[in-house]
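# Geometric and topological summary
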Amino acid sequence: MLLATGPRLLLDLGPSRGLQGAVWSGPGRFLAFERGTAQIVLWNLPEGTA
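The paragraphs below set out a description of the structure included in this document. Along each chain, the written sequence defines residue order, and numbers are assigned to residues from 1. Reporting in this predicted model follows two pLDDT cut-offs: at least 70 for local features of residues, and 80 or more for side-chain atom pairs to be given and counted; totals over whole chains, interfaces and linings ignore these cut-offs and use all residues. Here the side-chain values reflect all heavy atoms present in the structure, with hydrogen atoms and water set aside.

Bringing the environment of Phe30 into the picture now. With respect to the helices and strands, the residue Phe30 is situated in strand E4 (residues 29-34). Between the C-alpha atom of Phe30 and that of Leu45, which follows or precedes it by 15 residues, the distance is 7.6 Å. Contact criterion: two residues are considered in contact whenever any of their non-hydrogen atoms come within 4.5 Å of each other. If near-sequence neighbours (up to four positions away) are discounted, Phe30 is found in contact with Met1, Leu3, Leu13, Ala22, Val23, Trp24, Ser25, Val41, Leu42 and Trp43. Helix and strand definitions here come from DSSP, where helices need a minimum of 4 consecutive H or I residues and strands a minimum of 2 consecutive E residues; each element is numbered from the N-terminal end.

This is the structure we're talking about:
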């Protein structure tokens, strides 16, 4: 899964399937609901990325 963090910057979050409801949850934090496992997937982005 790729996440656009700027006008020309994509961040590779790794393989993801069945994600839904993806949102920013604060500065540098992105989360989504993973349908297949019924879990919330959370990414803390590196400093200065978002």
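Additional details are given in the paragraphs that follow.
Once that is clear, we can look at the pairing of strand E3 (residues 19-26). When E3 meets E4, the two strands line up antiparallel, connected through 5 bridges. The residue bridging Val23 from the neighbouring strand is Leu31, located in E4. Two strands pair if DSSP finds at least two bridges between them.

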